[in-house]
Amino acid sequence: MAITLHREAGLTVLRSELLAPLPHGFSTRPGGVSPAPWDSLNLGPSRGDAPENVRENYRRFCAVLGTEPERAVLSQQTHTTNLRRVTAEDAGKGLIRPRDYRDVDALMTDVPGLALTVFSADCGVILLHDPVHAAIAAVHAGWRGCAGGILAKTVQSMTESYGTDPADLLAAIGPCIGQCCFETDDDVPAAMRAALGAEAEPYLRYQAPKWHVDLSGLNRQWLLRAGLLPEHIERSELCTACRPDLFWSHRKMGERRGVQAAMIALPGREDA
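Just so we're clear, the structure is a prediction, and the values are computed from it rather than from any experiment. (Residues numbered from 1 in each chain as written. Predicted model: local features only at pLDDT ≥ 70, side-chain atom pairs only at ≥ 80, totals over all residues. Heavy atoms only, no water.)

A. How the structure looks around the packing of helix 4 (residues 187-196) against helix 5 (residues 215-225). Closest axis-to-axis distance for the helix 4/helix 5 pair is 12 Å, and the angle between their directions is 10°. Classified by the angle between their axes, helix 4 and helix 5 sit roughly parallel to one another. Where helix 4 approaches helix 5, its residues Met 192, Ala 195 and Leu 196 are matched on the opposing element by Leu 218, Trp 222 and Arg 225. Its residues placed into classes, the contact of helix 4 with helix 5 shows 5 nonpolar, no polar and 1 charged. (Axes fitted to C-alpha atoms, helices over the stretch in contact; angles between N-to-C directions. Helix = DSSP H or I, 4+ residues; strand = E, 2+ residues; numbered from the N terminus. Parallel < 35°, antiparallel > 145°, perpendicular 65-115°, else oblique. Contact = heavy atoms within 4.5 Å. Nonpolar A, V, L, I, M, F, W, Y, C, P; charged D, E, K, R; others polar.)

Right, here's the structure in full:
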């Protein structure tokens, strides 16, 4: 099982074999209509790009995934551990119509057809599927969210809301900044040790004068701690900072850039 690149209709999308029956994917830069510095498949509505460009980019991305822009529900990320349970009333929020929520870094639902969407330009993005109870989640987990346990909180919320058994959950961890490029001072390792204890150590490497942090590995460790089985977790090995041909990187490019999106939906429509 792996997360692999697929090229279709001019776009390059990463998909997970574990999540293969579901409409889902992790976007990359090529194939959109946005000009520099958002070139070209920018999926961030609040980056300064023209709204018509962003909507056309969503049309193309959703067409490849088999979802609908009108049914997309976008997070409003501020590096919190806040989660929103998405209902049919949320369809289109953040793209077609305004969001009436803020500070939401994870979304979950059991409503068919809603396309949960989170964003990244180095941070971790994780898609979850409970095939037994037909529920999904999309999570943005940068280092602050990771240290705060947003993934464990999401798994617990799915258990409480949908009856999810963590051993049934399937997870795909998308591209993020790799340990090769994620250089930090002492604050990030300290936060990870406070959250995960000794479990954090394999993902922290000191290379003077900085620490190098494996964010993807730490997010995987949270999923294991939450009760997921190792064989139910896939993660991309691509580093967003190393591959400017495929990704925007906040560390490498600053604020004038686009963003990638991770999207997942349950098949069908509630009103079908």
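B. Seen up close, the environment of Ala 91. Examined against the element boundaries, Ala 91 turns out to sit in the loop between strand 5 (83-85) and strand 6 (106-109). Each C-alpha atom, one on Ala 91 and one on Arg 47, is 21 Å from the other, the two residues being 44 residues apart in sequence.

C. Up close: the sheet that holds strand 10 (residues 170-173). The sheet built from 6 strands is open, its strands ordered 5-6-9-8-10-14 with mixed pairing. What marks the edges here is a single partner per strand, and that holds for strand 5 and strand 14 (233-235). Strand after strand, the sheet turns through a mean of 15° between neighbouring axes, direction not considered. For strand 6 and strand 9 (residues 135-141), the ladder comprises 4 bridges, and the chain directions are antiparallel. In the sheet register, Leu 107 faces strand 9, and the bridge partner there is Ala 138. Against the sheet, helix 3 (residues 150-162) engages strand 5, strand 6, strand 8 (124-130) and strand 9, with an angle of about 160° to strand 9. Most of the contacts of helix 5 go to strand 14, to which it runs at about 170°, and overall it touches strand 8, strand 9, strand 10 and strand 14. (Pairing = 2+ DSSP bridges.)

D. Geometry of the side chain of Gln 179. Mapped onto the fold, Gln 179 is located in the loop between strand 10 and strand 11 (183-184). Within the local environment of Gln 179, its side chain forms a polar contact with the backbone oxygen of Tyr 203, the two atoms lying 3.4 Å apart. Side chain to side chain, Gln 179 and Arg 205 meet in a polar contact 3.5 Å long. Once you skip the residues sitting within four places of it in the chain, Gln 179 turns out to touch Tyr 203, Leu 204, Arg 205, His 212, Val 213 and Asp 214. (Polar contact = N/O pair within 3.5 Å; in protein donor to acceptor, adjacent residues only side chain to side chain.)

E. Main features of empty space enclosed by the protein. What the rule picks out here adds up to 1 cavity of 30 Å³ or more. Of the voids in this model, the largest cavity is the one considered here, and its volume is about 60 Å³. Every residue lining the largest cavity is listed: Phe 26, Ser 27, Val 118, Phe 119, Ser 120, Val 125, Pro 175, Thr 240, Phe 247, Gln 260, Ala 261 and Ala 262. The set of elements that each furnish at least two residues to the lining of the largest cavity consists of strand 7 (115-120) and strand 15 (260-264). Considered class by class, the residues forming the lining of the largest cavity number 8 nonpolar, 4 polar and no charged. (1 Å grid on protein atoms, 1.4 Å probe; cavity = no way out; pocket = protein on both sides within 12 Å on 5 of 7 lines; lining within 4 Å. Points joined across faces, edges and corners; volume = space filled by probe spheres on them.)

F. Quick peek at the environment of Pro 112. Looking at the secondary structure, you find Pro 112 in the loop between strand 6 and strand 7. Classification of Pro 112 as partly exposed rests on a relative accessible area of 26%. (Buried < 20%, exposed > 50% of the residue type's maximum accessible area, 1.4 Å probe, protein only.)

G. Structural detail: helix 1 (residues 51-65). With 15 residues, helix 1 ought to run about 21 Å at 1.5 Å a step, and its terminal C-alpha atoms sit 21 Å apart, in line with that. Those residues of helix 1 that fall on the buried side of the exposure criterion are Asn 53, Val 54, Asn 57, Tyr 58, Phe 61, Cys 62, Val 64 and Leu 65. Taken down its axis, helix 1 places every buried residue within 160° of arc, on the same side. On its buried side, helix 1 packs onto strand 1 (3-8), strand 2 (11-16), strand 3 (24-26), strand 4 (72-74), strand 7 and strand 15. Gly 66 lies just past helix 1 and shows a positive phi near 85°. (Expected span 1.5 Å × (residues − 1). Arc of directions from axis to C-beta.)

H. Fine view of unusual backbone geometry. At the junction of Ala 36 and Pro 37, the peptide bond is cis and its omega measures out at 5° in the coordinates. A cis amide bond links Asp 39 with the next residue in sequence, Ser 40, at an omega value of 0°. Relative to the assigned elements, Ser 40 resides in the loop between strand 3 and helix 1. Positive phi, close to 55°, is recorded for Asp 103, a residue that is not glycine.

I. Expanded view of helix 3. If you check helix 3, its first and last C-alpha atoms are 18 Å apart, about what 13 residues at 1.5 Å a residue would give, namely 18 Å. When we look at burial in helix 3, the residues that qualify are Ile 150, Leu 151, Thr 154, Val 155, Ser 157, Met 158 and Tyr 162. Along the axis of helix 3, the buried positions cluster into a sector of 160°, meaning they face one direction only.

J. Structural view of the side chain of His 140. Locating His 140 in the fold gives a position in strand 9. At 3.4 Å, the side chain of His 140 forms a polar contact with the side chain of Gln 77. A distance of 2.6 Å separates a polar atom in the side chain of His 140 from a polar atom in the side chain of Asp 105.

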